[in-house]
Amino acid sequence: MNQQFFRFLKLCFIGLDLLMLNLSFALDKFYYREKIAADFELQYVYLWVGFNLTWLIASWMCNIYNQTSMSSFESFCRYTLRAYVYFLTIILISFFIIKQHDISRLFIITVF
């Protein structure tokens, strides 16, 4: 595969992954806008940044944007599913450690 094309493809996949994560977050934030108190807006911004960073860390740990994993659909799906499991694990462990009670559990479930 051409190196420039692979770099372009890699950036497109990273961008699309973050776009879908942020779109899901924005739609949920819009849907629950009446239930989210103004006092907790900053907490949801931290949650949004945390989700983006956690996805980038999980995808880096699983190396899903590697040229060998992107060469076939099956391997790409396998690496992506593994990264998603890591993502969920990191998020749930961080919620358990931080004990964030101000953020709606229903909001978190619908973002996933």
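Structure: above.
Remember, it's a predicted structure, so these values are computed and weren't measured experimentally.

Parameters at a glance
- All chains use their own residue numbering, which begins from 1 and follows the written sequence.
- It should be noted that, the model being predicted, local features are given only for residues of pLDDT at least 70 and side-chain atom pairs only at 80 or more, the latter also being counted only at that level, while totals for whole chains, interfaces and linings use all residues.
- Each side-chain value is worked out from all heavy atoms of the structure, with water and hydrogens disregarded.
- Note on method: axes are straight lines fitted to C-alpha atoms, helices fitted across the in-contact stretch only, with angles between N-to-C directions ranging 0 to 180 degrees.
- The helix and strand labels rest on DSSP assignments: H or I over at least four residues marks a helix, E over at least two residues marks a strand, and numbering proceeds from the N terminus.
- Here the angle decides the label: under 35 degrees means roughly parallel, over 145 means roughly antiparallel, 65 to 115 means roughly perpendicular, and every other value means oblique.
- Handedness of each helix crossing follows the sense of rotation of the near helix against the far helix: counterclockwise by less than a right angle gives left-handed, clockwise gives right-handed.
- Contacts are residue-level and defined by heavy atoms, with any inter-residue pair within 4.5 Å sufficient.
- Under this grouping Gly is polar, as are all residues other than the nonpolar Ala, Val, Leu, Ile, Met, Phe, Trp, Tyr, Cys and Pro and the charged Asp, Glu, Lys and Arg.
- Polar contacts, as used here, are pairs of N or O atoms within 3.5 Å; protein pairs need one atom able to donate a hydrogen and one able to accept it. Residues neighboring in sequence count only if both atoms are side-chain atoms.
- Only protein chains enter the accessibility calculation, which uses a 1.4 Å probe. A residue is then buried if its area is under 20% of the maximum for its type, exposed if over 50%, and partly exposed in between.
- One less than the number of residues in a helix, times 1.5 Å, gives the span that helix is expected to have.
- Relevant arc is that of directions from the helix axis to the C-beta atoms, nothing else.
- In this text, buried Ala, Val, Leu, Ile, Met, Phe, Trp, Tyr and Cys residues form a nonpolar core when linked through side-chain atoms within 4.5 Å.
- Two rings from Phe, Tyr or Trp (for Trp, the six-membered ring) form a pair when their centres sit within 6.5 Å of each other. Planes less than 30 degrees apart are called stacked, planes more than 60 degrees apart edge-to-face, and all others tilted.

S.K.: I keep staring at the packing of helix H1 (residues 3–31) against helix H2 (residues 41–62) and nothing clicks. Help me out?
M.R.: Helices that pack against each other are described as a pair by the angle of their axes relative to one another and the distance between those axes. The interhelical angle for the contact between H1 and H2, taken along N-to-C directions, is 155 degrees, at an axis separation of 10 Å. Relative to H2, H1 is oriented roughly antiparallel. In this structure, H1 meets H2 at a crossing whose hand is right-handed. The residues of H2 that touch H1, namely those facing Ile14, Asp17, Leu18, Leu21, Asn22, Phe25 and Lys29, are Glu41, Tyr44, Leu47, Trp48, Phe51, Asn52, Trp55 and Leu56. Class assignment for the residues of the contact of H1 with H2 results in ten nonpolar, two polar and three charged.

S.K.: Hey, could you run me through the side chain of asparagine 52 in this one?
M.R.: Along the chain, asparagine 52 falls in helix H2. In this structure the side chain of asparagine 52 is engaged in a polar contact, spanning 3.0 Å, whose partner is the side chain of asparagine 22. Excluding residues that lie within four positions of it along the chain, asparagine 52 makes contacts with Leu18, Leu21 and Asn22.

S.K.: Could you clarify how one ought to interpret unusual backbone geometry in this entry?
M.R.: Glycine aside, the phi torsion of most residues is negative, and most peptide linkages are trans. A positive phi is found at asparagine 63, a non-glycine position, where the angle reads about 55 degrees. Secondary-structure assignment places asparagine 63 in the loop between H2 and helix H3 (73–98). According to the relative accessible area criterion, asparagine 63 is partly exposed, its value standing at 40%.

S.K.: Could you clarify how one ought to interpret the packing of H2 against H3 in this entry?
M.R.: One can describe the packing of H2 onto H3 by two numbers: an axis separation of 8 Å at closest approach and a directional angle of 135 degrees. When the axes of H2 and H3 are compared, the pair comes out oblique. Handedness of the H2/H3 crossing: right-handed. In contact with Leu47, Gly50, Phe51, Thr54, Trp55, Ala58, Ser59, Met61 and Cys62 of H2, H3 contributes Tyr79, Thr80, Arg82, Ala83, Tyr84, Tyr86, Phe87, Ile90, Ile91 and Phe95. By residue class, the composition of the contact of H2 with H3 is 14 nonpolar, four polar and one charged.

S.K.: Just checking my understanding: could you explain H2 for this structure?
M.R.: Note on helix geometry: an α-helix contains 3.6 residues per turn, so any two residues three or four positions apart are oriented the same way. Helix length check: H2, at 22 residues, gives a terminal C-alpha distance of 32 Å against a target of 32 Å (1.5 Å per residue), a fit within 8%. Those residues of H2 that fall on the buried side of the exposure criterion are Tyr44, Leu47, Phe51, Asn52, Thr54, Trp55, Ala58, Ser59 and Cys62. When H2 is viewed along its axis, its buried side chains cluster within an angular range of 160 degrees and face the same direction. In H2, the exposed positions angled more than 90 degrees off the buried face are occupied by Leu42, Tyr46 and Trp60.

S.K.: I would appreciate a short explanation of the nonpolar core in the present structure.
M.R.: For soluble globular proteins, the rule of thumb is that nonpolar side chains tend to be buried together. Leu47, Phe51, Trp55, Ile64 and Phe87 are the most contacted members of the largest nonpolar core, which has 20 residues in total. When residues of this core are traced back to their parent elements, those giving at least two are H1, H2 and H3.

S.K.: What is the right way to read the packing of aromatic side chains from this model?
M.R.: The geometry of an aromatic ring pair is captured by two quantities: the separation of the ring centres and the angle between the planes. Under the defined criterion, the tally for this structure stands at five aromatic pairs. Each ring, one from phenylalanine 51 and one from phenylalanine 87, has its centre 5.7 Å from the other, and the planes form 85 degrees; the classification is edge-to-face. Residue phenylalanine 51 is found in helix H2, and its partner phenylalanine 87 is found in helix H3; the two are separated by 36 residues along the sequence. You can call phenylalanine 51 buried: its relative accessible area is 2%. Members of the aromatic cluster, each reached through a chain of ring pairs, are Phe25, Phe51, Trp55, Tyr84 and Phe87.

Geometric values such as these leave the question of function open.
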